[in-house]
Amino acid sequence: VASTPKGNKNHIVSKLHFRDADIHVEFLLPEKGDGNSGVYIHGNYEVQILNSYGKEKITQEDAGALYGFAKPLANACRKPGEWQSYDIIFESDRYDGDGKLSKPASVTVILNGVVLHNKQAYLGPVRHKEVAAYGKAREPRGPIVLQDHGNPVRFRNIWIRNLGEYDK
């Protein structure tokens, strides 16, 4: 991955553009603050990173949420200061011969070994201005973007295993 400044943000953006992928990201939330960040797939779909440790009522904005779209099935967030891991399996939108959407993107999200979403359809992208430059809405290929949201979230052991076609 390469660090790419956009405006006043320093997102980490993969050089690889892929369609379907198996994604692994380890992250460390800071001891203080929200630890707000996210894993953006194709620059469109955000898997939320946030300090939600111990929270009983989880929402579409908490750790493991498909931000603004679907809340996680459980709260699997560890305490700040402990390394955590996402394993994400993403399948891109599919289009028919006329260019019409035939199957929306879907995602399986596992946080710290707990399944939070299982083949959840992503019926539309949730885009933020600062990462929109990295992918086009409903584009079948794109990069991974680790969002810089002004919080000292640390990342390590990041990998993307392409599950089909890709562009360099």
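Residues numbered from 1 in each chain as written. Predicted model: local features only at pLDDT ≥ 70, side-chain atom pairs only at ≥ 80, totals over all residues. Heavy atoms only, no water.

Asker: I'm lost on the packing of aromatic side chains in this one. Help?
Answerer: Both the distance between ring centres and the angle between the ring planes are used here to describe each pair of aromatic rings. In this structure the tally under the stated criterion is four aromatic pairs. For the ring pair Tyr45 and Phe90, a centre distance of 5.5 Å and an interplane angle of 45 degrees mean the geometry is tilted. Note that Tyr45 is positioned in strand E6 (residues 45-49) and Phe90 in strand E7 (residues 83-91), a separation of 45 residues in sequence. Both residues of the pair, Tyr45 and Phe90, count as buried. One aromatic cluster is present, formed by Tyr45, Phe69, Phe90 and Tyr122 through successive ring pairs. (Phe/Tyr/Trp six-rings, centres within 6.5 Å; stacked < 30°, edge-to-face > 60°. Helix = DSSP H or I, 4+ residues; strand = E, 2+ residues; numbered from the N terminus. Buried < 20%, exposed > 50% of the residue type's maximum accessible area, 1.4 Å probe, protein only.)

Asker: So what exactly am I meant to see when it comes to the sheet that holds E7 here?
Answerer: Note on sheets: strands pair through backbone hydrogen bonds, and any given pair is parallel or antiparallel. In spatial order, the strands read E11-E10-E7-E4-E13; together these five strands make up an open sheet with antiparallel pairing. Bordering the open sheet on either side are strand E11 (114-122) and strand E13 (154-162), each of which pairs with just one other strand. Ignoring strand direction, the axes of neighbouring strands in this sheet form an average angle of 15 degrees. For strand E4 (residues 21-28) and E7, the ladder comprises eight bridges, and the chain directions are antiparallel. Bridging from a neighbouring strand, Asp22 pairs with Ile89 of E7. (Pairing = 2+ DSSP bridges. Axes fitted to C-alpha atoms, helices over the stretch in contact; angles between N-to-C directions.)

Asker: Looking at this model, I keep getting lost on the pairing of E4. Mind explaining?
Answerer: Working note: regular strand, side chains alternate between the two faces of the sheet. Among the eight residues that make up E4, eight are buried, leaving the element largely enclosed by the rest of the structure. Side chains of E4 alternate between two faces, with Ala21, Ile23, Val25 and Phe27 and Asp22, His24, Glu26 and Leu28 buried alike. The pairing of E4 with E13 spans seven bridges and is classified as antiparallel. Each residue of the ladder has a partner; that of Asp22, found in E13, is Arg161.

Asker: Mind showing me how you'd approach the confidence of the model for the chain here?
Answerer: When pLDDT drops low, the exact placement of atoms in the prediction is not to be read closely. Put simply, the chain has an average pLDDT of 84, and 82% of its residues get 70 or more. For the chain, the element scoring lowest by mean pLDDT is strand E1 (residues 2-6), at 40; E7 scores highest, at 97. Below pLDDT 50 for its whole length, residues 1-8 participates in 19 contacts with residues either more than four positions away or in separate chains. (pLDDT = per-residue confidence, 0-100. Contact = heavy atoms within 4.5 Å.)

Asker: I tried to follow unusual backbone geometry on my own but got confused; where do I start?
Answerer: For Asn112, which is not glycine, the phi dihedral falls at a positive 55 degrees. Structurally, the position occupied by Asn112 is in the loop between strand E10 (105-111) and E11. What makes Asn112 buried here is its relative accessible area of 16%. Backbone geometry at Asn157 places phi at a positive 45 degrees, although glycine is not the residue there. With respect to the helices, strands and loops of the structure, Asn157 is situated in strand E13.

Asker: Where do I start with the side chain of Ser37 in this structure?
Answerer: Looking at where Ser37 falls in the secondary structure, it is placed in strand E5 (residues 37-41). On the accessibility criterion, Ser37 (0% relative accessible area) is buried. A distance of 2.5 Å separates a polar atom in the side chain of Ser37 from the backbone oxygen of Gln147. (Polar contact = N/O pair within 3.5 Å; in protein donor to acceptor, adjacent residues only side chain to side chain.)

Asker: Can you help me understand the nonpolar core in this one?
Answerer: The nonpolar side chains of soluble globular proteins are, as a tendency, buried together. In this structure, Ile23, Val39, Ile41, Val47, Tyr86, Ile88 and Val107 are the most contacted members of the largest nonpolar core, which totals 28 residues. Breaking this core down by element, the ones donating at least two residues are E4, E5, E6, E7, E10, E11 and strand E12 (144-146). Filtering out sequence-adjacent residues up to four positions away, Ile23 remains in contact with Phe18, Ile41, Tyr86, Asp87, Ile88, Ile144, Trp159 and Ile160. (Core = buried A, V, L, I, M, F, W, Y, C linked by side-chain atoms within 4.5 Å.)

Asker: Explain the environment of Ser92 here, please?
Answerer: Its location among the elements puts Ser92 in the loop between E7 and strand E8 (94-95). Linking Ser92 and Ser106, residues 14 residues apart in sequence, is a C-alpha distance of 6.7 Å.

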